[in-house]
Amino acid sequence: MTELDATAVVHQLLAAAGSRLYDSWLTEFERLNDIGCDLLFALRDRPGDTPIGARTAHPRDIAEDLWHAFVHAARRWPDRFLEHVLSDPALHEDIEILDALGEVDRPAARALLVAAVNQRRAGHAFGRRYAIGSLIRLSDPQVPGLLARLVKDRDSSVRFAAVTAAIEHGDARCMPALQHVSEAAKTPWGTRQFALDAIEAIASREGLADLIPPSGQRRLVELRPPATRTAAVTVLEVFIHHIGARVTTGEAMARLQVGRRIHHTKAPCDGVVASIGVSPGWEPPPIMFRISTAHPPLAPRFSSAA
């Protein structure tokens, strides 16, 4: 394919953002060699050079598709993607780039992400949150140590993100800060509840017997994959995407392929989702979800009608 043909593919991809044609052009985009990555970054730097987004598409859908284009580029051409990022310091704090770096398993990418987590400049809270999320996706061994510090960060949004991440990824180093957060008078209600969830999850994971409540007093219900000796298990679809989502008994949470049959994972109780460990296309981890049953229920809604 010539450079002219590749340029046409990238132009069509951007023009289709927010529409049903986007996925088919994304497939064509991923068939390119690394010139596809070069062209995407070039057009990003010159947004007026090509139409972006379908005419009738919602601006949010257009923005999400453009974001996903960079994530796919990072996955398809990780080394070329990293070259572009390293060559432009302005990209080191861009949230869509920090998110996409979660697909680039390279030491230099990890170093950029750690630097972004440690960047406490005003206005960079979202960047720090995306950076820690990307390090988690990369299974970086530095994550538990970073969380131990971020749990007590001065920025409330960073602190909340770290507390919720600690439920799945924290270790014993997080415990002193989590206990302080759970007891501090100024801690927001939601952060306090998730800190208590994190303490229980880490205590169970690390075998801290003195911090594990009796079975009848536990906050967390763990959802595990279906038991099978030989059949391969793959996550096909995840229906719950956000920590803090409320679920009701019997609500579908994920769809799995177990050998030749389909298995639907359903919520065994009412509660709040405290951790999500599953991703489509991958084998499920030992604990797919944690549901906290200790968060107070939402206030009932009353109709204003007479």
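Here the structure is a predicted model, which is why all the values come from computation and not from measurement.

Outline unusual backbone geometry, listing residues and values.
Its identity as a non-glycine residue notwithstanding, serine 139 has a phi of 55°, on the positive side. Here serine 139 shows up in the loop between α8 (125-137) and α9 (143-150). For serine 139, a relative accessible area of 62% gives the class exposed.

Could you give an account of the nonpolar core, naming the residues involved and the relevant values?
In terms of nonpolar packing, the biggest core is built from 73 residues, with Phe29, Phe81, Leu101 and Leu178 touching the most fellow members. Contact partners of phenylalanine 29, with chain neighbours within four places excluded, come to Val9, Val10, Leu13, Gly36, Leu40, Ala69, Ala73 and Trp77. With 17 residues, the next largest nonpolar core counts Val235, Val247, Ala267 and Ile291 among its residues.

Give a description of the layout of surface pockets that names residues and reports values.
Looking at the largest pocket, its volume works out to about 2,200 Å³. Forming the walls of the largest pocket are 44 residues, and the residues nearest its centre are Gly133, Ile136, Arg137, Ile276 and Ser279. Taken together, the elements giving at least two residues each to the lining of the largest pocket come down to α4 (59-76), α6 (95-100), α8, α9, α10 (156-169) and β6 (271-276). Ranked by the residues each element gives to the lining of the largest pocket, the list is headed by α8, at eight residues. For the lining of the largest pocket, the per-class residue count stands at 23 nonpolar, twelve polar and nine charged.

Provide a residue-level description of the sheet that holds strand β4 (residues 252-258), including the pertinent values.
In spatial order, the strands read β2-β4-β5; together these three strands make up an open sheet with antiparallel pairing. Whereas interior strands pair on both sides, the edge strands pair on one side only; in this sheet they are β2 (233-238) and β5 (261-266). This sheet shows a mean twist of 30° between the axes of neighbouring strands, independent of strand direction.

I'd love a proper account of empty space enclosed by the protein, names of residues and values included.
Scanning all chains against the criterion turns up one cavity of 30 Å³ or more. If you go around the largest cavity, the residues you meet are Arg128, Arg129, Ile132, Leu147, Leu150, Val158, Ala161 and Ala162. Going through the elements one at a time, α8, α9 and α10 are the ones with two or more residues in the lining of the largest cavity. Taken together, the residues of the lining of the largest cavity sort by class into six nonpolar, no polar and two charged.

Go over the pairing of β6, please, and point to the residues and values.
With five of six residues buried, β6 is to be regarded as a mostly interior element. Pairing of strand β3 (residues 246-247) with β6, which is carried by two bridges, proceeds in the antiparallel orientation. Note that in β6 the partner of valine 247 across the bridge is glycine 271. Relative to strand β7 (residues 289-292), β6 runs antiparallel, the two being bridged by four bridges. Of the residues in β7, the one forming a bridge with valine 272 is serine 292.

Calculation notes
Residues numbered from 1 in each chain as written. Predicted model: local features only at pLDDT ≥ 70, side-chain atom pairs only at ≥ 80, totals over all residues. Heavy atoms only, no water. Helix = DSSP H or I, 4+ residues; strand = E, 2+ residues; numbered from the N terminus. Buried < 20%, exposed > 50% of the residue type's maximum accessible area, 1.4 Å probe, protein only. Core = buried A, V, L, I, M, F, W, Y, C linked by side-chain atoms within 4.5 Å. Contact = heavy atoms within 4.5 Å. 1 Å grid on protein atoms, 1.4 Å probe; cavity = no way out; pocket = protein on both sides within 12 Å on 5 of 7 lines; lining within 4 Å. Points joined across faces, edges and corners; volume = space filled by probe spheres on them. Nonpolar A, V, L, I, M, F, W, Y, C, P; charged D, E, K, R; others polar. Pairing = 2+ DSSP bridges. Axes fitted to C-alpha atoms, helices over the stretch in contact; angles between N-to-C directions.

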